[in-house]
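# Secondary and tertiary structure notes
Listed below are the residues making up each chain.
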Amino acid sequence: MNIKQLKGVEGAKQAIGLTVVIDIMRAATVAAYAFDRGAKSIIPVSTREEAFALRDENPEFLLMGEVNGIKIDGFDFGNSPSEISKVDLKERILIQRTTSGTQGLVNAILADTIIFGSFVTCSAIFRFIQKNNFSDISIVSIDSEDEIFGHALESLIMQGQFDKEKVRKELYDDPGVEWFVDPLKPDFPKEDIDFALDFDKFDFVCLAKKINDQLIINKVKI
């Protein structure tokens, strides 16, 4: 088994084999909570224009996401797991556009299999890997804080465990979460950190597949 740690959108472009695109703060975490709230599927896109055009064609679809962390005007939801966890999304299809996470997904053009990875689905990702014979695994950390998850996942794959308390401290100390402790930034609620660190909350993976040239994320229980 060959495991590569890659960074950013450029790393996503180089990813092969099973590719885990990580955005714990917050897009991958939000996607997992959306599925927990009943979402049928999620369509990741690169731009707000793509999102609005797709919704114009499908008025029943819902929009969620942000630009630079701020909810996009006209979107139904922002990019907050604490927000999406309170919403009834039963059988709804969502379009997701974010500054980091969805950019990694749509640029993983060489990947055979794509998972949107976060701590809330970490053990499910591990079980998915165990059940399949992947010769190449690419772990793509989109932002600096995602590297914490990336190394934890590699430790889980290779050693069967990682130090959760160490990870928790590292994440709280990472510069990437500074805005989430600033009371003057309501688009970055502090509770989102705790939502992102609810280890193994869900028993499914967020699996992305291309269908008719459109990447679609589905919940796959493991």
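For the structure itself, consult the block above.
Residues numbered from 1 in each chain as written. Predicted model: local features only at pLDDT ≥ 70, side-chain atom pairs only at ≥ 80, totals over all residues. Heavy atoms only, no water.

### Topic: the overall build of the chain
What counts, and what does not: Helix and strand labels come from DSSP, where a helix needs a run of H or I of at least four residues and a strand needs a run of E of at least two; each type is numbered from the N terminus. Buried means the residue's accessible area, taken with a 1.4 Å probe over protein chains only, is under 20% of the maximum for its type, while exposed means over 50%, and partly exposed covers the values in between. Throughout, a residue-residue contact means that at least one pair of heavy atoms, one from each residue, lies within 4.5 Å. Computed by Shrake-Rupley with a 1.4 Å probe, the accessible areas treat only the displayed protein chains as cover when residues are assessed. Only four residue types enter the tally: Lys and Arg on the positive side, Asp and Glu on the negative side, with His and both chain ends excluded. Charge positions come from single atoms, namely NZ of Lys, CZ of Arg, CG of Asp or CD of Glu.
Helix and strand content of the chain: nine helices and ten strands. Each of the three principal axes of the chain carries a C-alpha extent, and together these read 45 × 45 × 30 Å. Burial analysis of the chain (222 residues in total) assigns 55% to the buried set. Contacts in the chain between residues at least 24 apart in sequence constitute 75% of all its contacts with a sequence separation of at least 6. Per element, the accessible surface of the chain, about 10100 Å² overall, is 47% carbon and sulfur. Separation between the mean location of the 26 positive side-chain charges and that of the 36 negative ones in the chain comes to 4 Å.

### Let's talk about the packing of helix α6 (residues 122-131) against helix α7 (residues 146-159)
Note the threshold: Orientation is described by axes fitted as lines to C-alpha atoms, over the contacting stretch for helices, and by angles from 0 to 180 degrees between their N-to-C directions. Any angle that is under 35 degrees is reported as roughly parallel, and any over 145 degrees as roughly antiparallel; angles of 65 to 115 degrees are reported as roughly perpendicular and all others as oblique. A crossing counts as left-handed when the near helix is turned anticlockwise from the far one by less than a right angle, and as right-handed when that turn is clockwise. Each residue is assigned to one class: nonpolar for Ala, Val, Leu, Ile, Met, Phe, Trp, Tyr, Cys and Pro, charged for Asp, Glu, Lys and Arg, and polar for all the others, Gly among them.
Between α6 and α7, whose axes approach to 10 Å, the crossing angle comes to 45 degrees. One element, α6, and the other, α7, form an angle in the oblique class. Here α6 runs over α7; the crossing is right-handed. Note on element contacts: α7 touches α6 through Phe149, Leu153, Leu156 and Ile157, opposite Cys122, Ser123, Ile125, Phe126 and Ile129. Here the residues of the contact of α6 with α7 sort into eight nonpolar, one polar and no charged.

### As for the packing of aromatic side chains
Where we set the bar: Between the rings of Phe, Tyr and Trp (Trp by its six-membered ring), a pair exists once the centres lie within 6.5 Å; its type follows the angle of the planes, with under 30 degrees stacked, over 60 edge-to-face, and the other angles tilted.
Overall, the coordinates contain twelve aromatic pairs when judged by the stated rule. Ring centres of phenylalanine 119 and phenylalanine 199 lie 5.3 Å apart, and the angle between their planes is 80 degrees; on these two criteria the pair is classed as edge-to-face. With phenylalanine 119 in the loop between β7 (111-117) and α6 and phenylalanine 199 in the loop between α9 (191-196) and β9 (204-211), this residue pair connects regions lying 80 residues apart in the sequence. With respect to class, phenylalanine 119 is no different from phenylalanine 199; both count as buried. An aromatic cluster is defined as three or more aromatic residues linked by ring pairs; in this entry it consists of Tyr33, Phe35, Phe195, Phe202 and Phe204.

### Examining the pairing of β9
The two faces of the sheet receive side chains in turn, since in a regular strand these alternate between them. Threshold: A strand pair is defined by DSSP finding two or more bridges across the two strands.
With three bridges joining them, β7 and β9 adopt antiparallel strand pairing. Bridge pairing in β9 places phenylalanine 116 opposite cysteine 206. Across eight bridges, the pairing between β9 and strand β10 (residues 214-221) is antiparallel. Across the sheet, residue isoleucine 211 finds its bridge partner in β10, namely glutamine 214. The antiparallel hairpin formed by β9 and β10 contains two residues in its connecting segment, where asparagine 212 sits at a positive phi of about 50 degrees.

### A word on unusual backbone geometry
Residue arginine 26 follows methionine 25 across a cis peptide bond; omega there is 20 degrees. Of note in this structure, asparagine 68 is not a glycine but carries a positive phi near 55 degrees. Residue position: asparagine 68 is located in the loop between β4 (62-67) and β5 (70-71). By relative accessible area, asparagine 68 is classed as exposed at 54%. Unlike most non-glycine residues, glutamate 91 shows phi in positive territory, near 65 degrees. As for its placement among the helices and strands, glutamate 91 is situated in the loop between α4 (81-84) and β6 (93-97). A relative accessible area of 54% places glutamate 91 in the exposed class.

### So, the side chain of aspartate 174
Cut-off, in case you're wondering: Residues adjacent in sequence count toward polar contacts only when both atoms are side-chain atoms; beyond that, a polar contact is any pair of N or O atoms within 3.5 Å, and within protein one must be able to donate a hydrogen and the other to accept it.
In this fold, aspartate 174 is placed in the loop between α8 (164-173) and α9. At 2.7 Å, the side chain of aspartate 174 forms a polar contact with the backbone nitrogen of glycine 176. Setting aside chain neighbours within four positions, we find aspartate 174 in contact with Ser144, Glu145 and Ile148.

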